[in-house]
Amino acid sequence: MENGDTTGFALIGIGPGKVESMTLEAIEVAKNADVRLYEAYTALWPEDELTKLEALIGPIERIMRPAVERPEALFTQAQSQSIAILVVGDPMQATTHIDFQLRAQKAGLSVRVIHGISVTTLVPGSTGLSDYKFGRSTTLTYPYGDWIVTSPLEVMLRNQKQGLHTLVLFDLDPTGAGTGEQRPMQPKDAFASIEAMAGKISESDVDEAIKEQANGLFDSMCVLCSDLGTDDARMKTTFIGNLGTLTGGRLNCMVFLANMSEMEQEAVSRWK
């Protein structure tokens, strides 16, 4: 699907959650594809917006993680058809899609990328925080049985120690399988995950500075961001200790705050 090709793939970023935020190029390429697949495991669109999109570009089929991570069937199909894979946000923000692109190209298939609006650019602009003061991003996961990973909290604390904010994405799938049953993480789930990680860190062999930071974690500030890029977008600045009392939206994330400039403090105070 490159330079007029009638086979291969287009990885299309469809933006954060409404048809109006898609580029004209994204709509045109999706409309002209033989097959349109909505990748429904890394993030989700509202159902009414998906219905509007389908009316605009044609029938859409949902696919889940196994179809993208084990794409042999799609590769065979793409030898004779043009396939548009619709990805919420920007398609190249996830390692899954980068791996897909590389494997498809090695298989001799063309892969066109149509970029879309991503939460990674929406968050700094919406909150008023400086994009230059963000460190490594991370994702809060649901606990899976007795398994509690502490690396997301360690990333947050190390960034904070360096004076850097952290974009913290919230998990979408309690099972971790990426095959369905999505339940986007809500603030109370995020708080429970953070609390569990803090408890495990206190008993682990990480350096004492991180443990000390974790002890004061619940007095740290964050900005909860819900449904950014849609008409339902909301933000709330609060303490981590209060996070579990807040109401989220369909898709949520937060910024774990570090030291702020005077302008940043004024910006986030709007959301208290």
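First things first, this report covers the structure right here in the doc.

What counts as what
- Residues numbered from 1 in each chain as written.
- Predicted model: local features only at pLDDT ≥ 70, side-chain atom pairs only at ≥ 80, totals over all residues.
- Heavy atoms only, no water.
- Axes fitted to C-alpha atoms, helices over the stretch in contact; angles between N-to-C directions.
- Helix = DSSP H or I, 4+ residues; strand = E, 2+ residues; numbered from the N terminus.
- Parallel < 35°, antiparallel > 145°, perpendicular 65-115°, else oblique.
- Contact = heavy atoms within 4.5 Å.
- Nonpolar A, V, L, I, M, F, W, Y, C, P; charged D, E, K, R; others polar.
- Core = buried A, V, L, I, M, F, W, Y, C linked by side-chain atoms within 4.5 Å.
- Buried < 20%, exposed > 50% of the residue type's maximum accessible area, 1.4 Å probe, protein only.
- Polar contact = N/O pair within 3.5 Å; in protein donor to acceptor, adjacent residues only side chain to side chain.

**Concerning the packing of helix α7 (residues 151–161) against helix α9 (residues 208–215)**
Their axes nearest at 10 Å, the elements α7 and α9 cross at an angle of 95 degrees. Classified by the interaxial angle, the pair formed by α7 and α9 is roughly perpendicular. Contacts between α7 and α9 involve Leu157, Arg158, Gln160 and Lys161 from the former and Ala209, Ile210, Gln213 and Ala214 from the latter. Tallied by class, the residues present in the contact of α7 with α9 amount to 4 nonpolar, 2 polar and 2 charged.

**Digging into the nonpolar core**
Of all hydrophobic cores here, the largest spans 41 residues; its most connected members are Phe9, Ile12, Trp45 and Leu86. Those elements giving two or more residues to this core turn out to be β1 (8–13), α1 (24–32), β2 (35–39), α2 (47–57), α4 (72–78), β4 (82–87), α5 (95–106) and β5 (111–114). Per element, the largest residue contribution to this core is 5 residues, and it comes from β4. In contact with Ile12, not counting residues within four places along its chain, are Ala26, Val29, Ala30, Ala84, Ile85, Leu86, Val87, Pro91 and Ile114.

**Brief notes about the side chain of Thr150**
You can see Thr150 is positioned in the loop between β6 (138–140) and α7. Side-chain polar atoms of Thr150 contact the side chain of Glu154, separated by 2.7 Å. Discounting residues that sit within four places of it in the chain, Thr150 has contacts with Met197, Lys200 and Ile201.

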